[in-house]
Amino acid sequence: MTRSVGVVIPTRGDRPRQLREAAAAVLAQHYPGPLALIVVADGVDRAAVAGQLAGVAGASRRTVRILANRRTPGLPGARNTGIDACDTDLVAFCDDDDVWLAGKLAAQTEALRGDAEFASCAIEVEYGGHRVPRLAGASMVTMSDLVRSRMVMVHSSTFLFQRGDLQADESAPGGQNEDWDLALRAAKRQPIVHVDRPLVRVRWGASHYAARWAERIAGLDWMLARHPELAVDPRGAARIYGQLAFSHAALGHRRAAARWAARAFAARLGEPRAPIALAVAAGLIPAPTVLSLLHSRGHGI
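The text that follows walks through the structure, step by step, so that each part is easy to find.

Conventions adopted
Residues numbered from 1 in each chain as written. Predicted model: local features only at pLDDT ≥ 70, side-chain atom pairs only at ≥ 80, totals over all residues. Heavy atoms only, no water. Helix = DSSP H or I, 4+ residues; strand = E, 2+ residues; numbered from the N terminus. Buried < 20%, exposed > 50% of the residue type's maximum accessible area, 1.4 Å probe, protein only. Axes fitted to C-alpha atoms, helices over the stretch in contact; angles between N-to-C directions. Parallel < 35°, antiparallel > 145°, perpendicular 65-115°, else oblique. Left-handed = near helix turned anticlockwise from the far one by under 90°. Contact = heavy atoms within 4.5 Å. Core = buried A, V, L, I, M, F, W, Y, C linked by side-chain atoms within 4.5 Å. Salt bridge = Lys/Arg side-chain N within 4 Å of Asp/Glu carboxyl O. 1 Å grid on protein atoms, 1.4 Å probe; cavity = no way out; pocket = protein on both sides within 12 Å on 5 of 7 lines; lining within 4 Å. Points joined across faces, edges and corners; volume = space filled by probe spheres on them. Nonpolar A, V, L, I, M, F, W, Y, C, P; charged D, E, K, R; others polar.

This part is about unusual backbone geometry. Despite not being glycine, Met151 shows a phi value in the positive range, around 50°. By the element assignment, Met151 lies in the loop between α5 (143-148) and β9 (160-162). Residue Met151 is classed as buried on the basis of its relative accessible area of 12%. Even without glycine at this site, Asn177 takes up a positive phi of about 65°. For Asn177, the location among the structural elements is in the loop between β9 and α6 (178-189). With a relative accessible area of 15%, Asn177 lands in the buried category.

Structure (structure tokens):
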């Protein structure tokens, strides 16, 4: 039996062109089962978002609903508003600046047959005119994988999961890492099934989150408190400490950057983020330049 799918797209209404493209790509999926699109207006007038989506391709063939965020303001609350409105078997997420590619939904629903609860897929990172595929090299993603590495391909716009107990955690500071937290909680239940083909185009150029350094610090602290196992794996711990060092360096907090860089080196001597953070802290290279160079290669800090 083909299962029904509800797709949740949160939006602030400030990326109308990308939102239309995201919605059209969802509605263009060749999926034989019931498919409903739920767009959640977060901190913006619902009517304004409805106007942005007027006449979007495919809307006449599928159910499209536009709702106001009824929960905590911000991305996790908007996602949960969408989940609450779903009466479908499965729930999927898509960010309003990303695009599902052809075959995404069919491949993932096939992967979710049996007892599997949660699916992801590989992505294609688009930045500055470049597109870089990011693959996992595996058909399963475990909790250990997500502890050792953030695994950028396990991205919120790839999530497809059984509707039930899983929701975004609305306590995430500024919405930071709520998707990583959700994936980790899902993987603790059972491994995530992964379709290792780029079936989502993730656009990094217009991210709301990339350079909010104070929120990134708070979000990493939040993850360490919620998931103590993140500090146990040396490679995973060094990565997080290096990210904290870089974020403090970007804010000009030299002592904090040096302190976290030292912890990163102590956890894993070869952690590359630590010397990069020290270079930023010393004023040798600006943080935005580092991010731009990394993003053009399909990587983040």
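Our focus in this paragraph is the packing of helix α8 (residues 234-250) against helix α9 (residues 254-267). A pair of packed helices is characterised by two quantities: the angle between their axes and the separation of those axes. One can describe the packing of α8 onto α9 by two numbers: an axis separation of 8 Å at closest approach and a directional angle of 165°. Put simply, α8 runs roughly antiparallel to α9. Between α8 and α9 lies a crossing whose hand is left-handed. Within the contact between the two elements, α8 uses Pro234, Ala237, Ala238, Tyr241, Gly242, Leu244, Ala245, His248 and Ala249 and α9 uses Ala256, Ala257, Trp260, Ala261, Arg263, Ala264 and Ala267.

Attention now moves to the nonpolar core. In this structure, Val5, Trp100, Leu146, Val154 and Phe246 are the most contacted members of the largest nonpolar core, which totals 93 residues. When residues in this core are grouped by element, the largest group, 7 residues, is from α8. Beyond its immediate sequence surroundings of up to four residues, Trp100 is in contact with Val7, Ala25, Val26, Gln29, Ala92, Phe93, Cys94, Leu105, Ser157, Leu199 and Val200.

Taken as a whole and assessed by the stated rule, the structure comprises 23 salt bridges. Arg203 serves as the salt-bridge partner of Glu21, at 2.7 Å between the closest nitrogen and oxygen. Placement of Glu21 in helix α1 (residues 16-27) and of Arg203 in strand β10 (residues 192-203) is noted, with a sequence separation of 182 residues between them. Arg201 is the partner of Glu124 in a salt bridge, and the nearest nitrogen-oxygen pair spans 2.6 Å. With Glu124 in strand β6 (residues 118-127) and Arg201 in strand β10, this residue pair connects regions lying 77 residues apart in the sequence. The buried category is assigned to Arg201, whose relative accessible area is 14%.

A few words now on the layout of surface pockets. Approximately 180 Å³ is the volume attributed to the second largest pocket. If you trace the second largest pocket, you find it lined by Met1, Thr2, Arg3, Tyr31, Pro32, Ala106, Thr109, Glu110, Arg113 and Gly114. Classifying every residue of the lining of the second largest pocket by side-chain character gives 4 nonpolar, 3 polar and 3 charged.

Here we come to the packing of α9 against helix α10 (residues 273-281). It is the contact of α9 with α10, at a shortest axis distance of 9 Å, that shows an interaxial angle of 165°. Regarding the angle of α9 to α10, the classification is roughly antiparallel. For the element pair α9 and α10, the recorded crossing hand is left-handed. Contacts between α9 and α10 involve Arg254, Ala257, Ala258, Ala261, Ala264 and Phe265 on the former and, on the latter, Ala274, Pro275, Leu278 and Ala281. Grouping the amino acids of the contact of α9 with α10 by side-chain chemistry returns 9 nonpolar, no polar and 1 charged.

Scope: geometric values only; no functional claims are made or implied.
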